[in-house]
Amino acid sequence: MAIWNLGSINADMVYAMPHLPAAGETLAASSLDRFLGGKGANMSVAAVRAGSEVHHIGAVGPDGHWAVERLQSYGVGIEHVTQINTPTGHAIIAVEPDGENQIILFPGSNRALSQEQLKQALSKAKPDDILVMQNETSLQAEAAQLGRQLGLRVCYAAAPFDADAVQAVLPFLDFLILNEVEAAQLEQAIGKPPGAIGVRDVIITLGAKGARHIDGDTGTTQEVPALPVTAVDTTGAGDTFTGYVLASLDQGLAMEKAMATASRAAALMVTRHGTADVIPELTEVQGARF
Ligand code: RIB
């Protein structure tokens, strides 16, 4: 099977800061690095490094050739990544010494995908393939609806969180991933707890406490603990978790095992500076000692 990812592609400009800047504050960074990023690209790379076949559906501008080349060099299928006349998305990311971050996002070409491109890409998908989206591109609801019609397993990683964006895709979802605060916000917006929203699988990530799976059919829950690491950069850890969970499920692992593997991958990721380029390979994830 394969994973189809309607996903953002960004240039991540990562600034090492003594602390996250406050409103009105001018603060010098001690370093600047550029990485391939975007929640979508991060998930695609994570899923490939976890061993799955991934086809990315996205768009870059005239300045984004390097990003497509890099995705391809990492093994991501780029046949459905187009170049359009809108600048490539980018993110300005401030990271403080304990790994906490602050992100300014310029969506650029990520929000300018065409219906035609989406339809053409998904016409190549096979029933039971996985379709994943995040909230950084255009056409999320259209993709979710089309994915459901085609019999794909439709997954939404609700980041950056927006309750309206989640509600637009909710009727078509098989799988929803969000964090604890977002789960509470969604419950407030729709008046139902995550286990009662009609989605078969819901994962709530719990930060340092791990992650919880809720089976929407039976209401049962299972939790995996987080692993003890010293974080230097939390950027992209959630995307790594999502990419690894989906790849593990795609390869037939049970949910608990998929979450445990993803949790190890995310733990390793927070010990590294950077985004897509530094996502760990499966062999590193399996061999890591925590
Ligand atoms: O989740 C981290 C990602 O968020 C970064 O790679 C950045 O591009 C933004 O999309």
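Everything below is about the structure shown above.
Since the structure is predicted, the reported quantities are computational estimates derived from the model, not experimental observations. (Residues numbered from 1 in each chain as written. Predicted model: local features only at pLDDT ≥ 70, side-chain atom pairs only at ≥ 80, totals over all residues. Heavy atoms only, no water.)

## Section: the site of the ligand
Stage number 1. With respect to spatial proximity, 14 residues lie near the ligand, and among them Asp12, Gly38, Lys39, Glu136 and Asp239 are the closest.
Stage number 2. Aspartate 12 is positioned such that a nitrogen or oxygen atom in its side chain is 2.5 Å from an oxygen atom of the ligand.
Stage number 3. Contacts to the ligand include aspartate 239, whose side-chain N or O atom sits 2.7 Å from an oxygen atom.
Stage number 4. Across the complex, the protein chains shield 96% of the 280 Å² of accessible surface that the ligand would expose by itself.
Stage number 5. Sorting the residues of the shell around the ligand by element identifies strand E2 (10-16), helix H1 (39-49) and strand E7 (101-106) as the ones contributing at least two each. (Near = heavy atom within 4 Å. Polar contact = N/O pair within 3.5 Å; in protein donor to acceptor, adjacent residues only side chain to side chain. Areas by Shrake-Rupley, 256 points an atom, 1.4 Å probe, with all protein chains shown as cover. Helix = DSSP H or I, 4+ residues; strand = E, 2+ residues; numbered from the N terminus.)

## A word on the packing of H1 against helix H7 (residues 237-250)
Stage number 1. One can describe the packing of H1 onto H7 by two numbers: an axis separation of 7 Å at closest approach and a directional angle of 45°. The orientation of H1 relative to H7 falls into the category oblique. Judged by the sense of rotation from one axis to the other, the crossing of H1 with H7 is right-handed. Contacts between H1 and H7 involve Lys39, Asn42, Met43, Ala46, Ala47 and Arg49 from the former and Asp239, Thr240, Thr242, Gly243, Tyr244 and Ala247 from the latter.
Stage number 2. The class makeup of the residues in the contact of H1 with H7 is five nonpolar, four polar and three charged. (Axes fitted to C-alpha atoms, helices over the stretch in contact; angles between N-to-C directions. Parallel < 35°, antiparallel > 145°, perpendicular 65-115°, else oblique. Left-handed = near helix turned anticlockwise from the far one by under 90°. Contact = heavy atoms within 4.5 Å. Nonpolar A, V, L, I, M, F, W, Y, C, P; charged D, E, K, R; others polar.)

## Side note on helix H4 (residues 140-149)
Stage number 1. Among all positions in H4, only Gln140, Ala143, Ala144, Leu146 and Gly147 are buried.
Stage number 2. Lining the buried residues of H4 we find strand E1 (2-6), helix H3 (115-122), strand E8 (130-134), strand E9 (153-157) and helix H5 (163-169).
Stage number 3. One or two steps after H4, the chain reaches glycine 151, where phi turns positive at roughly 80°. (Buried < 20%, exposed > 50% of the residue type's maximum accessible area, 1.4 Å probe, protein only.)

## A few points about the side chain of threonine 235
Stage number 1. Inspection of the secondary structure assignment puts threonine 235 in the loop between strand E13 (221-224) and H7.
Stage number 2. Within the structure, threonine 235 has its side chain in polar contact with the side chain of asparagine 101 (distance 3.0 Å).
Stage number 3. A polar contact is formed between the side chain of threonine 235 and the side chain of aspartate 233, at a distance of 2.5 Å.
Stage number 4. Once residues lying within four places of it in the same chain are set aside, the contact partners of threonine 235 are Ile93, Val95, Asn101, Ile103, Met269, Gly274 and Thr275.

## Some details on the pattern of salt bridges
Stage number 1. Within this structure, the stated rule accounts for eight salt bridges.
Stage number 2. In this structure, arginine 49 engages glutamate 281 in a salt bridge whose closest nitrogen and oxygen atoms are separated by 3.7 Å. Here arginine 49 is found in helix H1, whereas its partner glutamate 281 is found in the loop between helix H8 (255-269) and helix H9 (282-287), with 232 residues between them in sequence.
Stage number 3. The residue glutamate 223 makes a salt bridge to arginine 212 at a minimum N-O spacing of 2.7 Å. Of the two residues, glutamate 223 is situated in strand E13 and arginine 212 in strand E12 (residues 211-215); the sequence distance between them amounts to 11 residues.
Stage number 4. A single salt-bridge network, built from bridges that share partners, covers Arg148, Asp174 and Arg200. (Salt bridge = Lys/Arg side-chain N within 4 Å of Asp/Glu carboxyl O.)

## Section: unusual backbone geometry
Stage number 1. For the bond from alanine 159 to proline 160, the omega torsion is -10°, close enough to zero to count as cis.
Stage number 2. With respect to the secondary-structure elements, proline 160 resides in the loop between E9 and H5.
Stage number 3. At aspartate 128, a residue that is not glycine, the phi angle is positive and equals roughly 80°.
Stage number 4. Position of aspartate 128 among the secondary structure elements: in the loop between H3 and E8.

## Focus: the sheet that holds E13
Stage number 1. Strand order in the open sheet formed by nine strands is E5-E4-E1-E8-E9-E10-E11-E12-E13, and the pairing between neighbours is mixed. What marks the edges here is a single partner per strand, and that holds for strand E5 (77-83) and E13. The sheet shows a mean angle of 15° between the axes of neighbouring strands, taken without regard to direction.
Stage number 2. Relative to E13, E12 runs antiparallel, the two sharing four bridges. Looking at the pairing, alanine 211 lines up with valine 224 of E13.
Stage number 3. Along the sheet, H3 makes contact with E1, strand E4 (53-60), E5 and E8, crossing E5 at roughly 170°.
Stage number 4. Where H8 meets the sheet, it contacts strand E10 (175-179), strand E11 (201-205), E12 and E13, and its direction lies at approximately 25° from that of E13. (Pairing = 2+ DSSP bridges.)

## Notes on the nonpolar core
Stage number 1. Within the largest apolar cluster, 55 residues are counted, with the highest numbers of intra-cluster contacts made by Phe175 and Ile203.
Stage number 2. Examining the composition of this core, we find that eight residues originate from one element, H8, more than from any other.
Stage number 3. Within the second largest apolar cluster, 36 residues are counted, among which are Leu6, Ala59, Leu139 and Ala143. (Core = buried A, V, L, I, M, F, W, Y, C linked by side-chain atoms within 4.5 Å.)

## Examining the packing of aromatic side chains
Stage number 1. For the structure on display, the rule yields zero aromatic pairs.
Stage number 2. Over the ring of tryptophan 66 we find arginine 34, and its NZ or CZ is 3.9 Å from the ring centre.
Stage number 3. The ring of tyrosine 74 carries arginine 49 above its face, with NZ or CZ at 4.5 Å from the centroid. (Phe/Tyr/Trp six-rings, centres within 6.5 Å; stacked < 30°, edge-to-face > 60°. Lys NZ or Arg CZ within 6 Å of the ring centre and 35° of its normal.)

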